[in-house]
Amino acid sequence: MLRNRLSVFALSMLLVLMVFAAACGAEQETASSPSTAPTAAASGASAAPSPSTAAGGAIETKSFTLVGVRDAQISSQQIIADKLGYFKEAGLEVTSQLIESGPDIGPMVAGGSAPISIQTNFMDIILTSNKVKVKIVAPLAQIAGTQAVVGGKNLVLNSAKDLEGKTIGVPSGADVVIAINNMAKELGVDASKIKYVNLAPSDAVTALQKGDIDAMAAWEPFITKAIQGGGKFLFSGTKAELPEKKGDVNWMSVHTTIQVTDGFLEKNPNTIKAVLGALKKATDYINNNRQEAIKILAPELHLTEAELTEIMNRNKYSMEVNDNYLNDSNGAAVGEYLKGAGNIKELQDPKSYHHLELLKEVAPELIKAELK
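Keep in mind it's a predicted model, so treat the numbers as computed, not measured.

**Student:** Which residues make up the pairing of strand E10 (residues 239–242), and what are the values?
**Tutor:** Where burial is concerned, the two faces of E10 differ: the one with Ala 240 and Leu 242 is buried and the one with Lys 239 and Glu 241 is not. Relative to strand E11 (residues 245–248), E10 is paired through four bridges, and the arrangement is antiparallel. Bridging from a neighbouring strand, Glu 241 pairs with Lys 246 of E11. Counted along the chain from E10 to the antiparallel partner E11, the turn is two residues long.

Below, the structure is given as structure tokens:
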């Protein structure tokens, strides 16, 4: 999912902004045909929200398109809520639109065609930096575990420092580099001595299998595919299998989020609360009924159940607003990385791209930390 071609996204978004500024500048609130998703009982999920109680009032816009990505990291809850009828139970008629490339959502938000969408908080930082008025209304998943480095079958490491001088294939601007830099800092590796070659994830998998590179850095499903091809998992943003470091780490934090444009937020607070209630129910279903969820998701994501099991086990599906979300994935370290990569010009205040009050109304127990 994570299609983290941030530099490409930033350029595309800037081009859209130029065109958008020349137009009327009005936000488009996309209406669409009703969803035909079937309703299914969900063992272990929270009680279904009703339009009158979950939303706290009349739903302003019942029919709209929710834009996400055909990716386990981004849109698992979106797909479950659609397929099991949770949106419908909340009084909504949602068309669930899944695109193939996550960074393409940024220009859609900037251009007004995606007033409500699911991507990552990094996208919102970039959008806000470019004066696009958008707000995160809830996190959905911690996905740094799917941002990882895989070594080739011939790579021998006696310590992480042996990565110095080695060649890693990684897409230009990929935020998995944050994990590499933090690993290097903690384990005494000179990151400047690591050699990088710009490779798309699919090309990096092939190059790794051929032995043309020592390791690759990317995201799912390419990490699992590289391991299936004989590669060795080295580390991710949350896990390590290095000689001197094994187990949980905190080398990167990036979250899937649901965001809305300011115009949509102002006009549709009850609609958004209904969406959040449905997504919370889907989150509970994924965590309490993982195998059943995988059976629903696998055909939609074009993955085998075995592949999807590996991928989903690297994610943490949670709408909880905690210190990890607020500090690590929205902090100065992330901002400095995005600035250094040329994706933003100045650091952004997290308050400028968050509006968590509606989530607090829907599920106050999920608010474990507050923006400062």
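**Student:** Residue-level account of the packing of aromatic side chains, with values.
**Tutor:** Throughout the structure, instances matching the rule amount to two aromatic pairs. Each ring, one from Phe 64 and one from Phe 264, has its centre 6.2 Å from the other, and the planes form 70°; the classification is edge-to-face. One end of the pair, Phe 64, is in strand E1 (residues 63–69); the other, Phe 264, is in helix H10 (residues 262–267), with 200 residues separating them in the sequence. Pair check on accessibility: Phe 64 and Phe 264 agree, each one buried. Between Phe 235 and Trp 251, the aromatic rings sit 5.5 Å apart at their centres with planes inclined by 85°, giving edge-to-face as the arrangement. A residue pair is termed long-range when its members are at least 10 positions apart, and Phe 235 in strand E9 (residues 232–236) and Trp 251 in the loop between E11 and strand E12 (255–261) qualify at 16 residues. When sorted by exposure, Phe 235 lands in the same class as Trp 251, which is buried.

**Student:** Could you give an account of the nonpolar core, with specific residues and numbers?
**Tutor:** With 121 residues, the main nonpolar core has Met 183, Met 216, Phe 235 and Ile 258 as its most contacted residues. No other element matches the nine residues that helix H11 (residues 269–288) contributes to this core.

**Student:** I'd like a description of the pattern of salt bridges, backed by residues and values.
**Tutor:** Inspection of the entire model under this criterion finds 17 salt bridges. Among the salt bridges present, the one from Arg 70 reaches Glu 100, with a minimum N-O distance of 2.9 Å. On the criterion of sequence distance, the pair formed by Arg 70 in the loop between E1 and helix H3 (72–83) and Glu 100 in the loop between strand E2 (93–99) and helix H5 (105–111) is long-range, its members being 30 residues apart. Between Glu 241 and Lys 246 there is a salt bridge, and its shortest N-O distance comes to 3.9 Å. With a relative accessible area of 44%, Glu 241 lands in the partly exposed category.

**Student:** Now, about the packing of H11 against helix H12 (residues 290–301): what can you tell me, with residues and values included?
**Tutor:** Viewed as axis vectors pointing N to C, H11 and H12 meet at an angle of 110°, and their least axial separation amounts to 5 Å. It follows that H11 is roughly perpendicular to H12 by the angle criterion. Of the residues in H12, those touching H11 at Tyr 285, Ile 286, Asn 287 and Asn 288 are Arg 290, Glu 292, Ala 293 and Ile 296. By residue class, the composition of the contact of H11 with H12 is four nonpolar, two polar and two charged.

**Student:** I'd like a description of the side chain of Thr 257, backed by residues and values.
**Tutor:** Here Thr 257 is to be found in strand E12. A residue is classified by how much of its surface remains accessible, and Thr 257, at 0% relative accessible area, is buried. In terms of polar contacts, Thr 257 uses its side chain to reach the side chain of Asp 124, at 3.3 Å. Leave out the neighbours within four places in its chain, and Thr 257 touches Ser 117, Ile 118, Gln 119, Thr 120, Asn 121, Asp 124, Ile 136, Ala 138, Pro 139, Leu 140 and Tyr 325.

**Student:** Can you tell me about the confidence of the model for the chain, naming the residues and giving the values?
**Tutor:** Segments scoring low in pLDDT should not have their predicted coordinates read at a detailed level. The share of residues in the chain with pLDDT of 70 or more is 85%, and the mean pLDDT across the chain is 87. The low-confidence segment residues 1–5 (pLDDT under 50) makes 35 contacts with residues lying over four places distant or belonging to another chain.

Each value, and the rule that gives it
- Residues numbered from 1 in each chain as written.
- Predicted model: local features only at pLDDT ≥ 70, side-chain atom pairs only at ≥ 80, totals over all residues.
- Heavy atoms only, no water.
- Buried < 20%, exposed > 50% of the residue type's maximum accessible area, 1.4 Å probe, protein only.
- Helix = DSSP H or I, 4+ residues; strand = E, 2+ residues; numbered from the N terminus.
- Pairing = 2+ DSSP bridges.
- Phe/Tyr/Trp six-rings, centres within 6.5 Å; stacked < 30°, edge-to-face > 60°.
- Core = buried A, V, L, I, M, F, W, Y, C linked by side-chain atoms within 4.5 Å.
- Salt bridge = Lys/Arg side-chain N within 4 Å of Asp/Glu carboxyl O.
- Axes fitted to C-alpha atoms, helices over the stretch in contact; angles between N-to-C directions.
- Parallel < 35°, antiparallel > 145°, perpendicular 65-115°, else oblique.
- Contact = heavy atoms within 4.5 Å.
- Nonpolar A, V, L, I, M, F, W, Y, C, P; charged D, E, K, R; others polar.
- Polar contact = N/O pair within 3.5 Å; in protein donor to acceptor, adjacent residues only side chain to side chain.
- pLDDT = per-residue confidence, 0-100.

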